[in-house]
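Residue strings, one per chain:
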Amino acid sequence: MTAARLAFDAAAGVAIIFACVMVVHRNPVKSVLALVVSFFALAVTYVLLSAPLIAAVQVIVYAGAILVLFLFVLMLLNVPEEARRGSGHPIQNFLASVAIVVFAAALLAVFRAYGGIASQPAGDWKADVADVARLVFSEHLLSFEALSVLLLAALVGAFTLARRESRS
Amino acid sequence: MIVGGIPLGDVLLASGALFVIGIAGALLRRNAISIFLSVELMMNAANLAVLGYAAALHNLEGQVVVFFVIAIAAAEAAVGLAIFVALFRHTETIDVNRINLLKW
């Protein structure tokens, strides 16, 4: 077992554990904080998969901006802890559990069926950030510009949705 | 940076585990924001799988795709949270079982 594989498995383990904490916790603020740790661990795995640019974007945009936005909204709305006894029908949780198990089994079956490629090493390759930038700003330039329009549309949409209606 | 062999199987297993955890959260939680967080987690699991394949196939396109996915996730989070704020203002709750205006 190489050092990179050991590091990858450790980081992925941390990400999985804190994702479980996120799902299990009833207090939404603590859920968000657990997810921040999970996303940081994921950024480590991205570095090990020779994607340093994506790792930086993950830390800055995901852990830094998106989850802070979540925290901000949670504290703005003052969301209470989830009650232990749910508000829904009791069969909901049972059906959800069945769906989760079936989905996990299906995913595992797919990975086993297409496992031929899985023995390929994913780590022994160096990608250059400059090459990624060249690709984004040449071949995918149109998508990049469309993305800027999308972000503007999301900005305007979020503003319109969250604005208090005028009392006229 | 450490260079060495990470088998793609490990990457896919981690990605699948994170995705299943995200599904579990989305189905079992009743708080709309927790469900949204689970969706974000599922998106990250998919990103991890894409990056794993990009590294295994020595192809940079995967990193570009993940870059775009993260940017779109930012837009989606902004709009989604705005919807929750508007919803909370109307119904005073974000428990998805209590928001049943469209139920028969």
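All of the points below concern the structure found in this document. Quick caveat, the model's predicted, so the values are computed rather than measured.

Our next topic: the overall build of chain B. Each helix and strand counted, chain B has 3 helices and 0 strands in total. Put simply, chain B runs from its N terminus to its C terminus through helices and strands in the order α-α-α. By principal-axis analysis of the C-alpha atoms, chain B measures approximately 55 × 25 × 25 Å. Within chain B, the fraction of its 104 residues that count as buried is 47%. Here the analysis covers contacts within chain B between residues at least 6 apart in sequence; of these, 48% occur between residues at least 24 apart.

A few words on the overall build of chain A. Secondary structure summary: chain A contains 6 helices and 0 strands in total. In chain A, the succession of α and β elements from N to C terminus is α-α-α-α-α-α. Going through the 168 residues of chain A one by one, you find that 26% of them count as buried. A separation threshold of at least 6 residues defines the contact pool for chain A, and within that pool the share at least 24 residues apart is 58%.

Let us look at the environment of B:Asn31. For B:Asn31, the location among the structural elements is in the loop between α1 (8–28) and α2 (32–56). Residue B:Asn31 is classed as buried on the basis of its C-beta count, with 21 C-beta atoms lying within 10 Å. Considered as a pair, B:Asn31 and B:Thr93 are 62 residues apart in the sequence and their alpha carbons are 9.0 Å apart. Not counting residues up to four positions away in its chain, the partners in contact with B:Asn31 are A:Pro28, A:Val79, A:Glu82, B:Ile94 and B:Asp95.

Each partner contributes residues to the interface: chain A has 80 residues there, and chain B has 64 residues. Elements with a contribution of two residues or more to the side of chain A that touches chain B: α1 (3–24), α2 (28–48), α3 (52–77), α4 (90–113), α5 (129–138) and α6 (141–162) of chain A. Looking at side-chain class alone, the side of chain A that touches chain B contains 58 nonpolar, 16 polar and 6 charged residues.

This next bit is on the nonpolar core. Membership of the largest hydrophobic core comes to 70 residues, with the highest contact counts inside it found for A:Ala19, A:Leu35, A:Ile54, A:Phe70, B:Leu18, B:Ile33 and B:Leu51. Each residue touching B:Ile33, except ones within four places of it in the same chain, is listed here: A:Pro28, A:Phe70, A:Val73, A:Leu74, A:Val79, B:Phe84 and B:Ile94.

This part is about the environment of B:Leu48. Of note, B:Leu48 is situated in helix α2. Note on B:Leu48: 25 C-beta atoms within 10 Å, which makes it buried. Put simply, B:Leu48 and B:Asn31 are 17 residues apart on the chain and 26 Å apart in space, counted from C-alpha to C-alpha. Those residues in contact with B:Leu48 that sit more than four places away from it in its chain are A:Leu42, A:Thr45, B:Val11, B:Ala14, B:Ser15 and B:Leu18.

Take the packing of α2(A) against α3(A) next. Residues and elements named next belong to chain A. Taken N-terminus to C-terminus, the directions of α2 and α3 make an angle of 175 degrees; their axes are 8 Å apart at the nearest point. Here α2 lies roughly antiparallel to α3, going by the angle between them. Each of Pro28, Val29, Val32, Leu35, Val36, Phe39, Phe40, Leu42, Ala43, Tyr46 and Val47 in α2 lies in contact with α3, whose residues at this interface are Pro52, Ile54, Ala55, Gln58, Val59, Tyr62, Ala63, Leu67, Phe70, Leu71 and Leu74. Across the contact of α2 with α3, the residue classes tally to 21 nonpolar, 1 polar and no charged.

Here we take up α2(B). All names here are of chain B. Compared with an ideal rise of 1.5 Å per residue, which puts 25 residues at 36 Å, α2 spans 37 Å between its outermost C-alpha atoms and is within 8% of the ideal. Of all 25 residues making up α2, 20 are buried, and the element is well covered by its neighbours. In the segment just after α2, histidine 58 is the residue with positive phi, at about 55 degrees.

Positive phi is not limited to glycine here, since A:Ser50 has a value of about 50 degrees. Note that A:Ser50 resides in the loop between α2 and α3. Not every positive phi belongs to a glycine, and B:His58 is a case in point at roughly 55 degrees. On the secondary structure map, B:His58 appears in the loop between α2 and α3 (61–91). Judged by C-beta crowding, with 14 C-beta atoms within 10 Å, B:His58 ranks as partly exposed.

Another aspect to go through is the packing of α2(A) against α2(B). The geometry of α2(A) relative to α2(B) is characterised by a closest axis approach of 11 Å and an angle of 5 degrees between their N-to-C directions. Put simply, α2(A) runs roughly parallel to α2(B). For the pair α2(A) and α2(B), the contacting residues are A:Pro28, A:Ser31, A:Val32, A:Leu35, A:Phe39, A:Leu42, A:Thr45 and A:Tyr46 in the first and B:Ile33, B:Ser34, B:Leu37, B:Leu41, B:Asn44, B:Leu48 and B:Leu51 in the second. Of the residues assigned to the contact of α2(A) with α2(B), the class counts are 11 nonpolar, 4 polar and no charged.

Next up on the list: the environment of B:Ala55. In this structure, B:Ala55 sits in helix α2. Residue class for B:Ala55 comes out buried when judged on the 28 C-beta atoms lying within 10 Å of it.

Criteria and thresholds
Residues numbered from 1 in each chain as written. Chains lettered and ligands numbered in written order. Predicted model: local features only at pLDDT ≥ 70, side-chain atom pairs only at ≥ 80, totals over all residues. Helix = DSSP H or I, 4+ residues; strand = E, 2+ residues; numbered from the N terminus. Buried ≥ 20, exposed ≤ 12 C-beta atoms within 10 Å, placed from the backbone. Contact = placed C-beta atoms within 7 Å. Nonpolar A, V, L, I, M, F, W, Y, C, P; charged D, E, K, R; others polar. Core = buried A, V, L, I, M, F, W, Y, C linked by C-beta atoms within 7 Å. Axes fitted to C-alpha atoms, helices over the stretch in contact; angles between N-to-C directions. Parallel < 35°, antiparallel > 145°, perpendicular 65-115°, else oblique. Expected span 1.5 Å × (residues − 1).

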